[in-house]
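Results of the structural survey
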Amino acid sequence: MPISENARAVLEKRYLIRDEHGQPTETVDQLFHRVAGAIAAADARFDPKADVDATARTFYDMMTGLDFLPNSPTLMNAGRPLGQLSACFVLPVADSMEDIFDAIKNAALIHKSGGGTGFSFSRLRAKGSTVNSTGGVASGPISFMKVFNAATEAVKQGGTRRGANMGILRVDHPDIMEFIGCKNDTHEINNFNISVGLTEAFMRSVEQGGEYDLVDPATGTVTGTLNARRVFETVVASAWQTGEPGIIFLDRLNRDNPVPSMGEIESTNPCGEQPLLPYEACNLGSINLVTHLKKSGGRYVLDKKKLGDTIRKAVHFLDNVIEVNKYPLDEIDKMTRATRKIGLGVMGFADMLLYMGIPYNSEAGVAQAKEVMELVNAVGHQESEKLAGTRGAFPLFGESIYQNGRPLRNATVTTIAPTGTLSIIAGVSSGVEPVFAYAYIRNVMDNTHLIETNQILKDRLTEAGVYSEELMEQIVEQGSLQHVEGIPEEIRRVFVCAHDVSPIWHVKMQAAFQEYTDNAVSKTVNFPNSATREEVAEVYTLAYKLGCKGTTIYRDGSRDEQVLNIGKVA
Ligand code: CDP
């Protein structure tokens, strides 16, 4: 298998089956056989004569060739007793003590299995409103979020991975101002990403500079008004300061809700790319674009035939995952099988552009994004339609927005995930993000440092006859190669890192992928430390205008414990 030592280390640390002493009892190769076999087995449910072994071999080859990988819980749990295979869940939080603590319990079960949970807290009555049964006063959504957060913290230790949550509050909830600032102290509510649920009515008020109503969800009564522009500016200021909250456009999520008869979409999964109905789960998978390149006339181009094949196999794989998945709750089992959402996306997009010689921050880069994703979406839908022919459409198809068109096996087919771990396993740039840094320092044992260099860059510099350790040190120092002397102009133009890409291009790229994605796109818009609040506001407005479903921004250096650092020890 063409996997790096780094990837092997990740797999060994978290993904392999272990005995009671913590020793792995399977090899990396056995892991992929385990997953391929368990997922292929679903074929027999639809066709007793299906050649399950042949399908298992196909799935095994696709994964070990690093052409496609399913989300982490599938790699961890397929073919094992736990058998929970989805990364994304949304749980309802209704306005009663019982419902709130049920949600906490259910989230704990999901976290234990490696899944992440999203919640809308918009149904909880406002802080200070009356509690009928006791005559006391309600403590409000933010105080309950702290309980969810503490529960997540406690489960963290024993689980397969750190539990992640998304917390959403509608902009017209009376506690919205407290929510916007609830993570300004960066030590608070750390197991949550938070996003403000914006409505189109709100965005219009921002444009017009008007007031809008706050509504108590318990009674439906208007409890006050706020100035829309002031609220928008507070969100911007907070995001500028700490990177949070993000924003999501609720009306847009619901315009693409494939089965509105089942209720409204109120939340997404933790990283924002997967809008879901309450009790719905979704399994994701990502195609590695780098292994879908071929050389033609001395240049790298997309191998569309291979990509088409992988897309079809991946949709088949992900539809099988729904079948063999063991869901943590009956409600989730029922909802997930009724819509059969899957989320196929891509990773290694930035690396692909490097091979092709196209800058990420260019019209050509954006055009390439559209070309790739249009294909993934179109072929993905074709395959889902084909599966509907042999396995039946998703059960709620008849009441879906697709009811007058061709049947589909899956209510959604495409999603762009962050691929935090998958991209390490595949050894490529994550999701559709630009490369974060081309050279960085890694601490190795006995206090020595090692410079890690992006292999594609190293090869290009070597080809051009200019590679040297000193050059790499300068790239580490400066965090970018734009101003490093001795690097040919053509290489500089193409090898842009996240911070060389202006925020506007980040948004344009997100919008390009969103255009051909059923669900949403995981993307962070990076700002330099010197960025102003106005620039952040501009990006929010642009994201809204270009049709994005939400935005997350991050200004370099705005949090103490930053995951990735430029120039410093990583
Ligand atoms: O690469 P991998 O499959 O591990 O995950 P990802 O693409 O980085 O994240 C996809 C989704 O997995 C997130 O949006 C979360 O729903 C979930 N996740 C989680 O629950 N806990 C984590 N520590 C990481 C991801």
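The rules we used
Residues numbered from 1 in each chain as written. Predicted model: local features only at pLDDT ≥ 70, side-chain atom pairs only at ≥ 80, totals over all residues. Heavy atoms only, no water. Helix = DSSP H or I, 4+ residues; strand = E, 2+ residues; numbered from the N terminus. Rg over C-alpha atoms; globule rule 2.2 N^0.38 Å. Buried < 20%, exposed > 50% of the residue type's maximum accessible area, 1.4 Å probe, protein only. Contact = heavy atoms within 4.5 Å. Areas by Shrake-Rupley, 256 points an atom, 1.4 Å probe, with all protein chains shown as cover. Lys, Arg positive; Asp, Glu negative; His and termini not counted. Charge placed at Lys NZ, Arg CZ, Asp CG, Glu CD. Near = heavy atom within 4 Å. Polar contact = N/O pair within 3.5 Å; in protein donor to acceptor, adjacent residues only side chain to side chain. Nonpolar A, V, L, I, M, F, W, Y, C, P; charged D, E, K, R; others polar. Domains from an automatic or database assignment. Axes fitted to C-alpha atoms, helices over the stretch in contact; angles between N-to-C directions. Parallel < 35°, antiparallel > 145°, perpendicular 65-115°, else oblique. Left-handed = near helix turned anticlockwise from the far one by under 90°. Pairing = 2+ DSSP bridges. Right-handed = clockwise from strand over helix to strand, strands pointing away. Expected span 1.5 Å × (residues − 1). Core = buried A, V, L, I, M, F, W, Y, C linked by side-chain atoms within 4.5 Å. Salt bridge = Lys/Arg side-chain N within 4 Å of Asp/Glu carboxyl O. pLDDT = per-residue confidence, 0-100.

Points about the overall build of the protein chain
Scanning the protein chain for helices and strands turns up 21 helices and 18 strands. At 24 Å, the protein chain has a C-alpha radius of gyration in line with the 25 Å of a compact globule built from 570 residues. For the protein chain, the spread of C-alpha atoms along the three principal axes comes to 75 × 60 × 55 Å. Classification of the 570 residues of the protein chain by burial places 54% in the buried group. A fraction of 71% describes how many contacts in the protein chain between residues 6 or more apart in sequence connect residues 24 or more apart. With an accessible surface of roughly 23400 Å², the protein chain has 50% of that area assigned to carbon and sulfur atoms. Between the averaged position of the 56 positive side-chain charges in the protein chain and that of its 70 negative side-chain charges there is a distance of 3 Å.

A look at the site of the ligand
The environment of the ligand is made up of 19 residues, and the closest members are Ser-72, Asn-269, Glu-273, Thr-419 and Gly-420. Thr-421 has a polar backbone atom sitting 3.0 Å from an oxygen atom of the ligand. Burial of the ligand by the protein amounts to 90% of the accessible area it has alone, namely 520 Å². Here the residues of the shell around the ligand are counted per class, giving eight nonpolar, eight polar and three charged. Each of domain 1 (5–84 + 270–426) and domain 2 (88–268) gives at least three residues to the shell around the ligand.

Considering the side chain of Lys-549
Within the secondary structure layout, Lys-549 lies in the loop between helix H21 (533–545) and strand E18 (550–555). Take Lys-549: its relative accessible area is 5%, and that puts it in the buried class. At 3.1 Å, the side chain of Lys-549 and the backbone oxygen of Asn-519 are in polar contact. Ignoring anything within four residues of it in the chain, the contact list for Lys-549 reads Ile-248, Phe-249, Arg-252, Leu-253, Asp-256, Gln-514, Asp-518, Asn-519 and Ala-520.

What to know about the packing of helix H10 (residues 228–242) against H21
Contact geometry for H10 and H21: axes closest at 9 Å, N-to-C directions at 115 degrees. With respect to H21, the axis of H10 lies roughly perpendicular. For the pair H10 and H21, the crossing hand works out as right-handed. Contact residues: Phe-232, Val-235, Val-236, Ala-237, Ala-239 and Trp-240 in H10; Arg-533, Val-536, Ala-537, Tyr-540 and Thr-541 in H21.

Side note on unusual backbone geometry
For the peptide bond that leads from Glu-244 to Pro-245, omega is 0 degrees, which places it in the cis range. Within the secondary structure, Pro-245 sits in the loop between H10 and strand E8 (246–249).

Looking at the pairing of strand E17 (residues 524–527)
Pairing geometry for E17 and E18, over four bridges, is parallel. When the sheet's bridge partners are listed, Val-525 is paired in E18 with Ile-553. With respect to chirality, the unit in which E17 leads through H21 into the neighbouring parallel E18 is right-handed.

Notes on helix H6 (residues 97–112)
With 16 residues, H6 should cover 22 Å at 1.5 Å per step; its first-to-last C-alpha distance of 23 Å lies within 8% of that length. Buried within H6 we find Ile-100, Ala-103, Ile-104, Asn-106, Ala-107, Ile-110 and His-111. Looking at the packing, one finds that the buried side of H6 touches strand E2 (88–91), strand E3 (116–120), helix H7 (140–156), strand E4 (165–170) and helix H13 (330–339). Looking one or two places after H6, you find Gly-114, whose phi comes out positive at around 95 degrees.

Some thoughts on the nonpolar core
Ranked by size, the top nonpolar core spans 148 residues in total, and within it Ile-176, Phe-202, Phe-317, Phe-349 and Phe-513 carry the most contacts. Listed in part, the 15 residues of the second largest apolar core include Leu-250, Ile-265, Leu-277 and Leu-408.

Quick look at the environment of Pro-141
Mapping Pro-141 onto the fold places it in helix H7. Spatially, the C-alpha atom of Pro-141 lies 9.5 Å from that of Ile-176, the residues being 35 residues apart in sequence.

Some words on the side chain of Glu-383
Topologically, Glu-383 is positioned in helix H15 (residues 363–391). One buried charged side chain, Glu-383, makes no salt bridge at all; its nearest oppositely charged neighbour is Lys-386, positioned 4.0 Å away. Excluding residues within four positions of it along the chain, Glu-383 makes contact with Arg-312 and Val-315.

Quick notes on the confidence of the model for the protein chain
Per-residue confidence for the protein chain averages 94 on the pLDDT scale, and 97% of its residues sit at or above 70. For residues 563–570, every residue scores under 50 in pLDDT, and the model assigns this stretch 11 contacts once sequence neighbours within four places are set aside.

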